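# Inside the fold
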Amino acid sequence: MDADILDLVRSCLGQVRVPAHTDKVYKDECGFSFATPVSRGGLYINLSTFQAYSANWVELDHRRTGQVLYLHEQWTKVPKEEPKEGKPAPTELALGTEGGFSDPAAPAYDTITESAVVLVPAGVRVPLPCPELPELILQSVAAIQSHDSAKHEAEVASWTEERRVSRYAQGLEQLPATRRIPTDPAEWRCDETGTTENLWLNLSTGFIGSGRPHWDGTGGNGAALRHFEATGRRYPLAVKLGTITPAGADVYSYAPDEDDMVLDPLLAEHLAHWGINIQHMQKTEATMTELQIQKNLEHEFDRMTEAGADLEPLTGPGYIGLKNLGNSCYMNSTLQALWALPELEARYLPDPARSFEAAPRDVPGDVLTQWTKVGSALVQGGTPPDEIAGQEDPAPPKAVTPAIFKTLIGRGHPEFSTQRQQARDAEEFLVHLLDALLKAERRAASGQLPGADAAPAPRDLFEFELEDRIQCTVSGRVSYKRSKALVLGLNVPRELALAAGAVDTSKRQRVEEGDAVEPGQAGAREAAKDPTPEIPPEACLDAFFGEQRVEGVYSAAIQDNAPATKQTAVATFPRYLAVQLRRYYVAEDWTSRKLEVAVPMPDALDLERFRGRGLQPGEEPQPEAGGDAGPGPAAIDEGQVSQLVDMGFGPHAARRAVTAAAGAGPEAAMAWLLEHLEDPGIHDPLPISAQAGAADSADAASLEALTSMGFTPAAACKALAATAGDVERAADWLFSRMDDLAALEEGEEEGGAGAEAPSAPPADASPSDGPGRYELVGFVSHMGANTSCGHYVAHVRKNGRWVLFNDEKVAASHAPPKELGYLYFYRRVGA
């Protein structure tokens, strides 16, 4: 090695760090593009921040951070013949990527890795291995190469189930250490069978045994469990040897009252008893979480096969797909629909390089940067083909993998931060995303939004106001109340659907399989074989905007509760109107069902007739409640409570639901209850204040709903104020601010001083308004029995034709199924 180069390297040692186990290492994706180590030019990993950049962006990182030393990783894939023993087991949650599940259409590869230490911008390159390099650099490089990538860690964490501390860990009995367990994995053997895989060390006896066999023939031979039984079930805790790292390991409790993965807070001490220094251990086998990922996803990927291969495939700017990350189709379809809006391109993409220049130091952790990166790839083709395409394929990419963005946008959210199927709801994700983007913009550095004046923020494009008119049937007095919304949710009238011969998906399956027809459903077999019944969209609109009777509403005019009528209208029409068609309902067995019904949503939608105009001539408003004559107590409709109890719900949960529905009827109460069955305290009695509160004062129920989730009243009040009293949006608002809850609560207690500004617009800020006439520009469809399972795809109108976005597959659509959509996007005519 040249002495001048060595001196130059030594002069930069102050910039080098060795990543600890707690550091995140972003080594498999560029921070500003979707380039990978397989891409042309590979990736340059900063030896201080451990963030990776392609050849096109590494000099920008050098200017921003001052870093000179980078680890350059260039991988080359070489096709190989499939081994006779089968494909290697996947190690990460991905399809068609290194370590992920294999793409059936793709050939197998060997990967040749070339590594070097590079000095930027001088371009000096020191190929590895090079023992002459300073020891600090060699340690940093080795740690980066052996460290799990941040992407992989996030995917595993999203699948990780909550584990409890074993009750047997404290005071665990350990027999005298008559043996020392070798630290070299090559020396580990099952004490009973001699096998070398899936080995578990009993922390009490020092016995090494094979794990239990799995249903598919993998796993082990069960020696560890047999040892537990043979020793009188006295020593329950065992650790998986190949998973031990300084950060912990997989520990299982065979005790009948636990029989599950557990935590052992004294693991280091228990291992030291058998001669194992946890600080010197490295992972050599997949953890149980990683194995669970493999089992859950192999089948999922196999069944996500595109039908209709005769469609014309499309690619290039505006037609880039998004790879599915196991359960990200709800996100992929929503992103494709949003990035088709020209306002987003104008706001975020006039100069991506300028936005990246102003990005904060934590590039992978900045929502705005990663959002711009995704948009640049989808709309503009983002990364040059010579950077992202692999060496064996010079063609531009047809799809990108939004792994970093998915992890980032879901952080702190109870559903979108996981891989649970319940998280798959495009409408909920849309609302969450719009709020998260607005929050990110308010924290953005100067220069990150070069197009801020060119177009409104995405949330402002969708936000509108609803107007509720409530008229007391006794006094005739009226009151008007406005609330903000981002989605117009329309129920499909179930009675009309059933009358038209619709059956739910589970019933259709039973009918087709020849099961007996249930009583009262004699026509179900015939209906199941007929074309899907059709419900006109006007019926859904009339059900939403029509007059409803509400019981027990407090009337200030008579200072008592009285029946009332309620009618909803649209007070302001947004530039883009998101319409959710709720095809799902809750069956008598509490399961969510989907009505097989067609609702032919029109290309042109005129809602002007539903515009709210406030107090009209001849109407008498309700008097203002003054003095001591505050709102009277609103009686909970015990009839509705009884209906819910008769369906099997608990009485306290039923009363909470009826209170939260604020007189909207038993269906609304049941819908609320089904959404909150998992809430902590749902079966506890209502507080007296909530039971005595007025129907117009649904704040008590909203506050209780949030505090039952563990939030303080101060934070809950602030969230409700920021979201116009919408409980679901308030919950999302709070979950997206988990790191800031202390400041929020402190600000509330001090009257708001010093609290962070809410991510929703101020309460007195009115959304934009215009004519209520719209044209359809896109829709998201859901295939499956309910939103907890199935698959989402998007149809988007681009350049005068419809395009199907099915994850990474993009094709021209000749007959978009507009009648089967779930979430529709309408643009205001003339906007």
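Residues numbered from 1 in each chain as written. Predicted model: local features only at pLDDT ≥ 70, side-chain atom pairs only at ≥ 80, totals over all residues. Heavy atoms only, no water.

Bringing the overall build of the protein into the picture now. Helices and strands together make up the secondary structure of the protein, namely 27 helices and 26 strands. Here the protein holds 831 residues, and the buried ones make up 51% of them. Put simply, of all contacts in the protein between residues at least 6 apart along the chain, 71% involve residues at least 24 apart. Accessible surface, the protein: about 36600 Å² in total, of which carbon and sulfur atoms supply 51%. (Helix = DSSP H or I, 4+ residues; strand = E, 2+ residues; numbered from the N terminus. Buried < 20%, exposed > 50% of the residue type's maximum accessible area, 1.4 Å probe, protein only. Contact = heavy atoms within 4.5 Å. Areas by Shrake-Rupley, 256 points an atom, 1.4 Å probe, with all protein chains shown as cover.)

Where helix α11 (residues 367–380) contacts helix α14 (residues 426–442), the axes come no closer than 9 Å and their chain directions differ by 120°. Viewed along their axes, α11 and α14 adopt a mutual orientation that is oblique. Two secondary-structure elements touch here, α11 through V367, L368 and W371 and α14 through L433, L437, A440 and E441. (Axes fitted to C-alpha atoms, helices over the stretch in contact; angles between N-to-C directions. Parallel < 35°, antiparallel > 145°, perpendicular 65-115°, else oblique.)

Turning next to the sheet that holds strand β8 (residues 237–240). The strand order across the open sheet built from five strands is β7-β6-β8-β9-β10, with neighbouring strands paired in antiparallel fashion. Sheet topology places β7 (208–210) and β10 (260–262) at the edges, where each strand pairs with a single neighbour. Strand-to-strand twist of the sheet, defined as the mean angle between neighbouring strand axes without regard to direction, takes the value 40°. As paired strands, strand β6 (residues 199–202) and β8 are joined by three bridges and run antiparallel to one another. Note that in β8 the partner of W200 across the bridge is K240. (Pairing = 2+ DSSP bridges.)

Counting residues in each nonpolar core, the largest one holds 56 residues, and the members touching the most others are L338, W339, W371, L433, F462, L823 and F825. With nine residues, the single largest contributor to this core is α14. Discounting chain neighbours no more than four positions away, the residues touching F462 are L338, L341, L434, A485, L486, P574, Y576, A578 and F825. In terms of nonpolar packing, the next biggest core, distinct from the first, is built from 34 residues, V16, A52, V68 and V117 among them. (Core = buried A, V, L, I, M, F, W, Y, C linked by side-chain atoms within 4.5 Å.)

In this section: α14. Every α-helical turn comprises 3.6 residues, leaving residues that sit three or four positions apart pointing alike. Here α14 spans 24 Å end to end across 17 residues, near enough to the 24 Å set by a 1.5 Å rise per residue. Of all 17 residues that make up α14, 15 are buried, and the element is covered over most of its length. (Expected span 1.5 Å × (residues − 1).)

Once that is clear, we can look at the confidence of the model for the protein. Counting all residues, the mean pLDDT for the protein is 78, and 72% of those residues have values of 70 or more. Ignoring residues within four places in sequence, the model shows residues 295–309, a span with pLDDT below 50, making 24 contacts including any to other chains. Between residues 626–634, whose pLDDT stays under 50, and residues either more than four places distant or in other chains, the model counts 19 contacts. (pLDDT = per-residue confidence, 0-100.)

What follows is about empty space enclosed by the protein. Tallied over the full model, the rule gives four cavities of 30 Å³ or more. Size it by volume and the largest cavity reaches roughly 60 Å³. Classifying every residue of the lining of the largest cavity gives seven nonpolar, two polar and one charged. (1 Å grid on protein atoms, 1.4 Å probe; cavity = no way out; pocket = protein on both sides within 12 Å on 5 of 7 lines; lining within 4 Å. Points joined across faces, edges and corners; volume = space filled by probe spheres on them. Nonpolar A, V, L, I, M, F, W, Y, C, P; charged D, E, K, R; others polar.)

Counting through the fold element by element, H62 comes out in helix α2 (residues 58–65). A residue is classified by how much of its surface remains accessible, and H62, at 18% relative accessible area, is buried. Taking the C-alpha atoms as reference points, H62 and P121, 59 residues apart in sequence, are found 7.6 Å from one another.

Contact pair helix α13 (residues 403–410) / α14: the axes reach a minimum separation of 10 Å and the direction vectors enclose 85°. Considering their axes alone, α13 and α14 lie roughly perpendicular with respect to each other. Across the interface between the two elements, F405, I409 and G410 of α13 pack against F429, H432, L433 and A436 of α14. The residue inventory of the contact of α13 with α14, partitioned by class, reads five nonpolar, two polar and no charged.

It is worth spelling out the pairing of strand β14 (residues 478–485) at this point. Two strands pair when backbone bridges link them, and strand β13 (residues 464–472) and β14 are joined in this way by eight bridges, in the antiparallel orientation. Paired with F464 across the strands is A485, a residue of β14. Linking β13 to β14, which pair antiparallel, is a turn of five residues; within it G476 sits at a positive phi near 80°.

Our focus in this paragraph is the environment of A247. The topology assignment puts A247 in the loop between β8 and β9 (251–253). According to the relative accessible area criterion, A247 is exposed, its value standing at 69%. Considering only alpha carbons, one finds A247 and A268, 21 residues apart in sequence, at a separation of 9.7 Å.

Quick look at the sheet that holds β14 now. Pairing in this open sheet of four strands is antiparallel, and the strands run β14-β13-β17-β16 from one edge to the other. For this open sheet the edge positions go to β14 and β16 (548–555), each flanked by a neighbour on one side alone. Each strand of the sheet is rotated relative to its neighbour by a mean of 40°, with strand direction disregarded. Of the pairings in the sheet, the one linking β13 to strand β17 (residues 560–572) comprises eight bridges and is antiparallel in character. Bridging across to β17, C472 finds its partner in A564. Across the sheet, helix α19 (residues 537–545) lies against β13, β16 and β17, angled at about 130° from β17, the strand it touches most.

Turning our attention to the environment of H795. With respect to the helices and strands, H795 occurs in strand β23 (residues 791–798). It is 9.2 Å that separates the C-alpha atoms of H795 and G821, two residues lying 26 residues apart in sequence. Leaving out residues up to four positions away in the same chain, H795 has contacts with G778, F779, W802, V803, L804, S813, P816 and P817.

What follows covers unusual backbone geometry. Look at the link from V120 to P121: it is a cis peptide, with omega at 5°. Tracing the chain through its elements places P121 in the loop between β4 (109–119) and β5 (124–127). At the junction of L128 and P129, the peptide bond is cis and its omega measures out at 5° in the coordinates. Tracing the sequence through the fold places P129 in the loop between β5 and α3 (135–146). Even without being glycine, N198 reaches a positive phi, approximately 50°. Tracing the backbone shows N198 in the loop between α4 (150–159) and β6.

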